[in-house]
Amino acid sequence: MPMTLAEKILAAHCGRQEVAAGEFVEADVDLVLANDITAPLAIKEFRRIGVPTVFNRERIALVCDHFTPNKDIASAIQCQEVRRFAREQGIVHFYDVGRVGIEHALLPEQGLVLPGDLVVGADSHTCTYGALGAFATGMGSTDIAVAMATGKVWLLVPDSALFRFEGPLRRWVTGKDLILHIIGDIGVDGALYQAMEFTGGTIAQLSMDSRFTMANMAIEAGAKAGLFAPDEHTREYVAPRAQRPYRLLESDPGARYVQVKEYRAEDIPL
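Residues numbered from 1 in each chain as written. Predicted model: local features only at pLDDT ≥ 70, side-chain atom pairs only at ≥ 80, totals over all residues. Heavy atoms only, no water.

*Asks:* Quick question: what am I supposed to make of the pattern of salt bridges here?
*Replies:* It is possible for side chains bearing opposite charge to pair when their charged atoms get close. As enumerated under the stated definition, the model contains 15 salt bridges in all. Measuring nitrogen to oxygen at the nearest pair gives 2.7 Å for the salt bridge that ties Lys71 to Asp72. The class of Lys71 is exposed, set by a relative accessible area of 66%. Residue Arg244 pairs with Asp117 through a salt bridge whose shortest N-O separation is 2.7 Å. Linking Arg244 in the loop between α9 (232–238) and β11 (259–264) with Asp117 in the loop between α4 (103–109) and β5 (118–121), this pair joins segments that are 127 residues apart in sequence. Summarising the burial analysis for this pair, Arg244 and Asp117 share the class buried. (Salt bridge = Lys/Arg side-chain N within 4 Å of Asp/Glu carboxyl O. Buried < 20%, exposed > 50% of the residue type's maximum accessible area, 1.4 Å probe, protein only. Helix = DSSP H or I, 4+ residues; strand = E, 2+ residues; numbered from the N terminus.)

As structure tokens, this is what we get:
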């Protein structure tokens, strides 16, 4: 059965040859993310589960990027809770004030998210990492607590939607303009619980910055994930950063999409 990029990634993490949209699956995760807003609740739920340690201290990233430097006592307490948990559990990828940046730029820069990965985060913009050809999605803090404890998630395989751009970009037009054009076309719920896949000759011209921006805003169309098939730009970005092996996957010819949208890039204004 021909599969989309999203289905291929999820199948690989279920130990199956194939999965199809509409199936419920239990999948192994490559990375679990939480920040200083969402991690304290996830930590609380993690303790309620009753397991003594996280599933893998190298596969969890805790990033204090929303409340640092702390503006008040309440935000300082939030960060303190994350800091204590990170020390207690020996979390390798803990980023505190002074060595942190915006989490969704930081993790790819550190080589923690790679093509073919399954990444879940307690932040709606976790879908940013789809720029690298990863299936990355936001979840609630309770789901993240379970992922930290077990290394697994339970989810519904989403339908995929294809967005193809052809032609040259106008001067100064970037990925932000492309994703805003899509959302203006389909609406803020136009890709509800779908995996948005971006392709076409125009996409091949885009910088990684533009791709991160487009994938980041997939959630603004209601999507579960936003994905780009890895290409030479992806490989150039990943090669000097990767800390472990990764998989370069792409959709099969004949894969099923619930909607296909085609755009001429030269028609998109700044």
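*Asks:* Before we go on, may I ask you to explain the sheet that holds strand β8 (residues 159–166) in this structure?
*Replies:* Each strand in a sheet pairs with its neighbour through backbone hydrogen bonds, running either in the same direction (parallel) or in the opposite one (antiparallel). Within the open sheet, the four strands sit side by side as β10-β9-β8-β11. Their pairing is parallel. Where the open sheet ends on each side, the last strands, each with one partner, are β10 (225–228) and β11. Averaged over neighbouring strand pairs, the angle between their axes works out to 20° when direction is ignored. Pairing geometry for strand β9 (residues 194–199) and β10, over four bridges, is parallel. (Pairing = 2+ DSSP bridges. Axes fitted to C-alpha atoms, helices over the stretch in contact; angles between N-to-C directions.)

*Asks:* Looking at this structure, I do not really get the nonpolar core. What am I missing?
*Replies:* Inside soluble globular proteins, nonpolar side chains tend to come together where they are buried. Counting residues in each nonpolar core, the largest one holds 44 residues, and the members touching the most others are Leu107, Ile182, Met196, Phe198 and Met214. Breaking this core down by element, the ones donating at least two residues are β2 (31–35), β3 (60–63), α4, β8, α6 (175–186), β9, α8 (208–216) and α9. Beyond its immediate stretch of four places on either side in the chain, Leu107 contacts Leu31, Leu33, Ala61, Val63, Tyr95, Leu112, Val113 and Tyr129. Counting 43 residues, the second largest nonpolar core, distinct from the first, contains Met3, Val120, Phe135 and Ala145. (Core = buried A, V, L, I, M, F, W, Y, C linked by side-chain atoms within 4.5 Å. Contact = heavy atoms within 4.5 Å.)

*Asks:* Help me out: how do you make sense of the layout of surface pockets in this one?
*Replies:* To locate leftover empty space, one rolls a probe as large as a water molecule over the atoms. Space inside the largest pocket adds up to approximately 270 Å³. Looking at the lining of the largest pocket, the elements that each hand over two or more residues are β9 and α7 (201–205). Considered class by class, the residues forming the lining of the largest pocket number nine nonpolar, three polar and five charged. The calculated volume of the second largest pocket comes to roughly 190 Å³. Lining the second largest pocket, in full, are Ile102, His104, Ala105, Glu109, Thr128, Asp209, Phe212, Thr213, Asn216 and Tyr237. At four residues, the largest contribution of residues to the lining of the second largest pocket is made by α8. Of the residues contributing to the lining of the second largest pocket, the split by class is four nonpolar, four polar and two charged. (1 Å grid on protein atoms, 1.4 Å probe; cavity = no way out; pocket = protein on both sides within 12 Å on 5 of 7 lines; lining within 4 Å. Points joined across faces, edges and corners; volume = space filled by probe spheres on them. Nonpolar A, V, L, I, M, F, W, Y, C, P; charged D, E, K, R; others polar.)

*Asks:* What's the story with helix α1 (residues 5–14) in this structure? I'm lost.
*Replies:* Because each turn of an α-helix spans 3.6 residues, side chains separated by three or four positions in sequence point in the same direction. Most of α1 is tucked away, with nine of its ten residues classed as buried. The complete set of buried residues in α1 reads Leu5, Ala6, Glu7, Lys8, Ile9, Leu10, Ala11, His13 and Cys14. With its phi angle positive at about 70°, Gly15 sits one or two positions after the end of α1.

*Asks:* So what exactly am I meant to see when it comes to the packing of aromatic side chains here?
*Replies:* The description of an aromatic ring pair uses the distance of the two centres, along with the angle that the planes make with each other. Within the structure shown, the criterion is met by six aromatic pairs. Ring geometry for Phe46 and Phe85: centres 5.4 Å apart, planes at 80°, overall edge-to-face. Taken together, the residues span a long stretch of sequence, with Phe46 in helix α2 (residues 39–49) and Phe85 in helix α3 (residues 73–89) at a distance of 39 residues. Pairing Phe165 with Tyr263 gives two aromatic rings, centres 5.0 Å apart and planes at 25°, and the pair type is stacked. On the criterion of sequence distance, the pair formed by Phe165 in strand β8 and Tyr263 in strand β11 is long-range, its members being 98 residues apart. Linked through ring pairs, Phe163, Phe198 and Phe228 together constitute an aromatic cluster. For Arg241, the ring lying beneath its charged end belongs to Tyr237, and the centroid distance is 3.9 Å. (Phe/Tyr/Trp six-rings, centres within 6.5 Å; stacked < 30°, edge-to-face > 60°. Lys NZ or Arg CZ within 6 Å of the ring centre and 35° of its normal.)

From the geometry alone we can't say anything about function, so treat these as descriptive.
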